[in-house]
Amino acid sequence: MMDTILNFGLIFVVVGAAAYVAHRLASLVIKVLQPNPVADYLGTGKKQRGAGQPSFSDRAGATIAGQLPVSLKTWEGHLRWAQRGDEYEGRTVEQIIFMSALFGGLGVLFPLVIPAPVAWGVPLILLVLPFSRLRSAAKKMRVRAEQSVPEMAALISAEAAAGVSPEEALMQASKMPGPLAGLVREASAQAAYLGIPVFSHEKRKGSLREAFEGSGISALRAFGVQLDVAASKGVDVAQRMSEISSSLAAEYRQRLLRKAEKLDTGMTIAVALFYFVPMMALILVPLLIE
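Conventions we followed
- Residues numbered from 1 in each chain as written.
- Predicted model: local features only at pLDDT ≥ 70, side-chain atom pairs only at ≥ 80, totals over all residues.
- Heavy atoms only, no water.
- Helix = DSSP H or I, 4+ residues; strand = E, 2+ residues; numbered from the N terminus.
- Buried < 20%, exposed > 50% of the residue type's maximum accessible area, 1.4 Å probe, protein only.
- Contact = heavy atoms within 4.5 Å.
- Phe/Tyr/Trp six-rings, centres within 6.5 Å; stacked < 30°, edge-to-face > 60°.
- Polar contact = N/O pair within 3.5 Å; in protein donor to acceptor, adjacent residues only side chain to side chain.
- Axes fitted to C-alpha atoms, helices over the stretch in contact; angles between N-to-C directions.
- Parallel < 35°, antiparallel > 145°, perpendicular 65-115°, else oblique.
- Left-handed = near helix turned anticlockwise from the far one by under 90°.
- Nonpolar A, V, L, I, M, F, W, Y, C, P; charged D, E, K, R; others polar.

> Tell me about the overall build of the chain, and name the residues and values.
Within the chain, the secondary structure is distributed over 15 helices and zero strands. Each of the 290 residues in the chain was classed as buried or not, and the buried ones make up 34%. Pairs at least 24 residues apart make up 63% of the contacts formed inside the chain by residues separated by at least 6 positions.

Here is the structure:
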């Protein structure tokens, strides 16, 4: 029984070590193969030797992606959200795919070294690890953006009360840190690039509303509609912005109260999963093996 427990412990330790080594190796490969902006500026970088050429990780990831029967739009959305929070800077979906393939290839070596049935789960774990980390980062940024809505609404309301135009108030709000400000900056850049208004005008939908509606978050979609309507009215903008700020703050407090009420249930489930289940597994698995 003790030997079985030690074997399971050894497998988990080796899996963790293999995942860490694969992650560091893939990061090193991507770092070496990525263009260096400083070297490019000085005229000694890869771009000077081959302008416009994608890196090896991009080309390899694109080749692998072309063989996949699924669309990558979902992961592109995850990557955009992660980058709005200053994570995965300079990364592409193709590089994530390349890293995943590299992890899986290194993981195949594990069952060859330890010929156990459970060891074949290591390549699968390493294969999905980069995508799991990306989705986790994107989810964290979405939650952070939703939490920043009352703060941004209060800032825009204060700017509007000072007599600033809605566009200028939005520009000041885009200087805030966090993914929500990053989304606002994207909307402003899109408006400047396409020559369309930031807020809706007549029959033309503004870039801000399009960006917030495309975020996939109901709170941001509602916030974008309210901002767009308040700015398009042209009168009593400060009062409307103040009302929006107050309503969003009250709604956010209600959500916090609901989450606090569900905290006890969540803690019970966490305790059961991370303490009770492993304890029962340590007791029952050796008995079932015998």
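Once the structure has been displayed, the description carries forward.
> Mind laying out the packing of aromatic side chains, listing which residues take part and the relevant values?
Applying the stated criterion across every chain yields a total of three aromatic pairs. Arranged with centres 5.8 Å apart and planes meeting at 85°, the rings of Phe56 and Phe98 form a pair that is edge-to-face. With Phe56 in helix α4 (residues 56-66) and Phe98 in helix α6 (residues 93-107), this residue pair connects regions lying 42 residues apart in the sequence. Taking the relative accessible area as the measure of exposure, Phe98 reaches 10% and is therefore buried.

> An account of unusual backbone geometry is needed here, citing residue identities and associated values.
Of note in this structure, Asp86 is not a glycine but carries a positive phi near 65°. Here Asp86 is to be found in the loop between α5 (73-84) and α6. Positive phi values are uncommon outside glycine, yet Tyr88 reaches one of about 55°. For Tyr88, the position within the fold is in the loop between α5 and α6. A relative accessible area of 14% means that Tyr88 is categorised as buried.

> Describe the environment of Glu186, naming the residues involved and giving the relevant values.
Within the fold, Glu186 resides in helix α11 (residues 179-194). With 25 residues separating them in the primary sequence, Glu186 and Ala211 have C-alpha atoms 7.9 Å apart. Only 2.9 Å separates the side chain of Glu186 from the side chain of Arg84, close enough to count as a polar contact.

> Mind laying out the packing of α6 against helix α8 (residues 121-147), listing which residues take part and the relevant values?
Put simply, α6 and α8 touch, their axes get as near as 7 Å, and they point 160° apart. The pairing of α6 with α8 is recorded here as roughly antiparallel in orientation. Crossing handedness for the pair α6 and α8: right-handed. Packed against α6, whose contacting residues are Ile96, Ile97, Met99, Ser100, Ala101, Phe103, Gly104 and Gly107, the element α8 presents Val122, Pro123, Leu126, Leu127, Leu129, Pro130, Phe131 and Leu134 at the interface. Split by residue class, the contact of α6 with α8 holds 13 nonpolar, three polar and no charged.

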